[in-house]
There are 2 protein chains.
Amino acid sequence: MNVTILNIGDELLIGQVVNTNAAKMSQMLTQAGMAVKGVYTIGDLSEDIGNYLRHCLSVSDVVLMTGGLGPTKDDITKKTLCEFFGSELYENEEALENVRRIVASHGRELTEINRLQAWVPRCCTMINNVLGTAPCMWFETDDCPSKVVVSLPGVPFEMENLMQTEVVPRLREHFAVGAIVNKNLLLHGIGESFLSDLIEPWELALPENIRLAYLPQPGLMKLRLTARGDDSARLQHQIDEAVAGLYPIAGQYIMGEDAESLPELVARTMVASGRTLATAESCTGGNIAAKLTALPGASAYFRGGVVAYSNEVKESELGVRHETLVRHGAVSEETVREMVTGARERLGADYAVATTGVAGPSGGTPEKPVGTVWIAVASADGVSTELLHLTGRRAQIVERTCNAVFAALLRVVRPQ
Amino acid sequence: MNVTILNIGDELLIGQVVNTNAAKMSQMLTQAGMAVKGVYTIGDLSEDIGNYLRHCLSVSDVVLMTGGLGPTKDDITKKTLCEFFGSELYENEEALENVRRIVASHGRELTEINRLQAWVPRCCTMINNVLGTAPCMWFETDDCPSKVVVSLPGVPFEMENLMQTEVVPRLREHFAVGAIVNKNLLLHGIGESFLSDLIEPWELALPENIRLAYLPQPGLMKLRLTARGDDSARLQHQIDEAVAGLYPIAGQYIMGEDAESLPELVARTMVASGRTLATAESCTGGNIAAKLTALPGASAYFRGGVVAYSNEVKESELGVRHETLVRHGAVSEETVREMVTGARERLGADYAVATTGVAGPSGGTPEKPVGTVWIAVASADGVSTELLHLTGRRAQIVERTCNAVFAALLRVVRPQ
């Protein structure tokens, strides 16, 4: 059973918007045991929409469409779907009630344009979109028995909520997709080929119904175990056993389970510890703080930080000694040590982290080439430092440094 | 003349990687006067690659493929291209020289696997990829006269460099695409519908060969003028005249020209002014600093900042008075004023910016609902503040706040 994704929108074809919906949908489908065969992005052209819908139905069991559901003149998906399925639009009561509720919650009056949002093809099953005014529509057709077409709004958080709560569960039921249990592990400090050699015997001994996927990111490795079968409880038990078997082999690299990113693990760990954190960033320029505060609830543990981009700010705000900077340079173990100590003390936190390095593209020297980065973690027990030699471009060096800092912090906060 | 993009890679179909290549390529092609008809993402399956290549050639003049060019076993694009064009692989001297140079620059020996990268189909024109080991390949075929297939590496910065320096210019020449001149304007402080009403008479009076596109982003409007014709100098003159005509109508909203983002304009303006900047961020949590330091050379003007997420840090690091926080709350004009003043003085900068607000999803109150944000700019001439009422989710509120801060700073640094 497989799926094609059809993303509609002129804004995608001129490169104004990056198509993040495709990745998110693919992720959700894959984890729910459904394979994505292809992703097609096309413009708001009725003829193209019809043609590609026909093509997608010919190569896959399910077509998930996004976009083109607004009331403005470009948005022709609903009309095209009516033509395609030989149906006509009608005003759906439940959809209208939803539109009314959302418009009222913004303190506005219902307009004729709002009202148009509640019109859907008579032949579809309307799925209510509680987060927005454009309803989701589920189509089945006699021409292609058992095949399904679903039209979703293109607004990312509306699409995501509908996929999670409605579309994925309904697809799993419709196609009787068997039980599936996933487990994500985040690993740090080992590259793909070393890891693959290290865990090969364990991988070969996995039950046949468990599949392992390597999902590398800059400075981070995600492993995903997927178990398929009939009985969820049994699959969960199999997964738990498999994971338990991995710890004796690679436990030192495993930063945590069931998270998409290291900041998620940091948040979870810090909140559980009841302790607080401060940051002192030079080469990461605020990215560590930004990544931590991107997750709601960061104020429970994150006190704040200093972006000490210039040497003067390292001195005035973090108490790095002028002599240290002159003697050892800004990118040195001595400097990062004073930065992290200053951040912890001045910001009154239980833990602090610090970064200083050469992110490039310029600023490198023969002794300290681009990618030379010092990081540090401070706690009541003292300071630990680490020297990184990173490759890549500016953004990747920053990304890898952030992940190295999160991993180092996790190792200090919850020692194995 | 139109183009389809064929992105190849299993990692795209499981949602591990967001397809940013498609957006970047679409952007570059659109600006070079070539229309993108569709984007197809498929897996590393030889059969699919062949089928979709055939399909893309049937609906468009050019097919740009990315991905599948590595030497590992998943990467079957080169073999498939040989089958498709009835050709065979051979070791290309220039490509080998390039691989040798890159491998040597990493201080490594040339391996057999490296060497495989230099093999290309005999029927293609090899285009050297100076940034990576996988060469770019340009195909023309008698079956489809005048049509072109180009295979590019999937690594974003390699693809981007090849597109810019080689592929786009060659396509323009091959298809004799006429002269094209683009002009981007960044506007802040006015919504799409108000702007469209305001500038309608100007837009209607534009020469017929100039097209206007609205490219909205969170808290920012990009306008793109595109002139097409035969004579670049004449087009440039037309564009200059059109832009000059826009300033009397909407000049107060125009933040700058020829930039992709407000941080670019901030960097340009600050460097030109010879002055320095400091930041004090609460609700933006380090994002302002991170966006500024994402651009190389930020150290020329950016001294650093304080992420004052907790009230204690607002007091200790920025000198916000305890009484101010108690009386007016963290989200108040009084607090943002003391934050920005503290940042400017303590970090020793000519200018400072500050943010404090409720980014959500929780933390809102009836008087200060989610989206209530105070921003401030400080200079030698004093402090200006602004109250924002933003909508959207956490990430969008942060994004809109950042853009409002950059716009406010630009207005202060270079008064109209």
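Each chain has its residues counted from 1, following the order in which its sequence is written. Chain letters and ligand numbers both follow the written order, the letters beginning at A and the numbers at 1. Under the rules for a predicted model, residues below a pLDDT of 70 receive no local features and side-chain atom pairs below 80 are neither given nor counted, while totals for whole chains, interfaces and linings still include all residues.

### What about the sheet that holds strand β15 (residues 351–357) of chain A?
Read from one edge to the other, the open sheet built from 10 strands follows the order β17(A)-β16(A)-β15(A)-β13(A)-β14(A)-β14(B)-β13(B)-β15(B)-β16(B)-β17(B), with strand pairing classed as mixed. Sheet topology places β17 (382–389) of chain A together with β17 (382–389) of chain B at the edges, where each strand pairs with a single neighbour. Strand-to-strand twist of the sheet, defined as the mean angle between neighbouring strand axes without regard to direction, takes the value 10°. Only strands that DSSP links by at least two bridges are regarded as paired with each other. Here a helix means four or more residues in a row that DSSP labels H or I, a strand means two or more in a row labelled E, and each is numbered from the N terminus. The pairing of strand β13 (residues 277–281) of chain B with strand β14 (residues 302–307) of chain B spans 5 bridges and is classified as parallel. Across the sheet, the residue bridging to T279 of chain B is G305 of chain B, located in β14 of chain B. Residues are defined as contacting one another if the C-beta atoms placed from their backbone atoms lie within 7 Å. Inter-axis angles, ranging from 0 to 180 degrees, are taken between N-to-C directions of lines fitted to C-alpha atoms, where helices are fitted over the stretch in contact. The strands touched by helix α14 (residues 333–346) of chain B are β13, β14, β15 (351–357), β16 (372–379) and β17 of chain B; relative to β15 of chain B, the strand with the most contacts, the crossing angle is about 145°. Set on the sheet, helix α15 (residues 394–413) of chain B makes contact with β15, β16 and β17 of chain B; between it and β16 of chain B the angle comes to about 25°.

### What about the domain arrangement of chain A?
Segmentation of chain A into domains returns domain 1 (2–174), domain 2 (179–257) and domain 3 (264–413). By convention here, the domain bounds are inherited from an automatic or database domain assignment. Computed over C-alpha atoms, the centres of domain 1 of chain A and domain 2 of chain A are 34 Å apart.

### Focus: the packing of helix α10 (residues 262–273) of chain B against α15 of chain B
Residues and elements named next belong to chain B. With their axes 10 Å apart at the nearest point, α10 and α15 run at an angle of 25° to one another. Taken together, α10 and α15 sit at an angle that is classed as roughly parallel. Between α10 and α15 lies a crossing of left-handed hand. Note on element contacts: α15 touches α10 through N403, F406, A407, L409, L410 and V413, opposite L262, P263, L265, V266, T269, M270 and S273. For this classification, Asp, Glu, Lys and Arg are treated as charged, while Ala, Val, Leu, Ile, Met, Phe, Trp, Tyr, Cys and Pro are nonpolar and the rest, including Gly, are polar. Of the residues contributing to the contact of α10 with α15, the split by class is 10 nonpolar, 3 polar and no charged. Here is the rule for angles: anything less than 35 degrees is roughly parallel, anything more than 145 is roughly antiparallel, 65 through 115 is roughly perpendicular, and the remaining ranges are oblique. Note: crossing handedness is left-handed where the near helix turns anticlockwise from the far helix by less than a right angle, and right-handed where it turns clockwise.

### Thoughts on the packing of helix α3 (residues 46–59) of chain B against helix α4 (residues 77–85) of chain B
Residue and element names in this part refer to chain B. Viewed as axis vectors pointing N to C, α3 and α4 meet at an angle of 50°, and their least axial separation amounts to 10 Å. Between α3 and α4, the angle falls in the class oblique. Considering how the two elements wind past one another, α3 and α4 form a crossing that is right-handed. Counted together, S46, I49, G50 and L53 of α3 and T77, K79, T80, E83 and F84 of α4 form the full contact between these two elements. Along the lines of polarity and charge, the residues of the contact of α3 with α4 split into 3 nonpolar, 4 polar and 2 charged.

### A few points about helix α4 (residues 77–85) of chain A
Residue and element names in this part refer to chain A. Listed in full, the buried residues belonging to α4 are T77, K78, T80, L81 and F84. Projected onto a plane normal to the axis of α4, the buried residues spread over an arc of 160° and lie on a single side. Here the buried face of α4 lies against β1 (2–8), α3 (46–59), β3 (62–66), β4 (89–91), β5 (119–121) and β8 (148–152). Just downstream of α4 lies G86, where phi reads positive at about 60°. Exposure is read from a count of other C-beta atoms within 10 Å of each residue's own; the residue is exposed at 12 or fewer, buried at 20 or more and partly exposed in between. C-beta atoms are placed from the backbone. Our arc is simply the arc of the directions from the helix axis toward the C-beta atoms.

### Some remarks on the nonpolar core
Ranked by internal contacts, the top residues of the largest apolar core, which has 130 residues, are V340 and A352 of chain A together with V340 and A352 of chain B. If you look at the next biggest cluster of nonpolar residues, it comprises 93 residues, including I49 and L81 of chain A together with I14 and L81 of chain B. The nonpolar core criterion groups buried Ala, Val, Leu, Ile, Met, Phe, Trp, Tyr and Cys residues into a set whenever they are joined through C-beta atoms within 7 Å.

### Quick notes on the sheet that holds strand β10 (residues 210–217) of chain B
Residues and elements named next belong to chain B. Pairing in this open sheet of 4 strands is antiparallel, and the strands run β10-β11-β9-β12 from one edge to the other. Each edge of the sheet is formed by a strand with only one pairing partner; in this case those strands are β10 and β12 (254–257). If you compare each strand with its neighbour and ignore which way they point, the axes differ by 25° on average. Where β10 lies against strand β11 (residues 220–229), 8 bridges are found, and the strand directions are antiparallel. Within β11, the residue paired with A213 across the bridge is R224. Running over the sheet, helix α9 (residues 232–250) touches β9 (179–187), β10, β11 and β12 and is turned about 20° from β9. In the packing of α10 onto the sheet, the strands contacted are β9, β11 and β12, and the crossing angle to β12 comes to about 75°.

### Some thoughts on helix α13 (residues 311–318) of chain A
When α13 of chain A is considered as a whole, its buried residues turn out to be V313, K314, E317 and L318 of chain A. Relative to the axis of α13 of chain A, the buried residues are bounded by an arc of 105° and lie together on one face.

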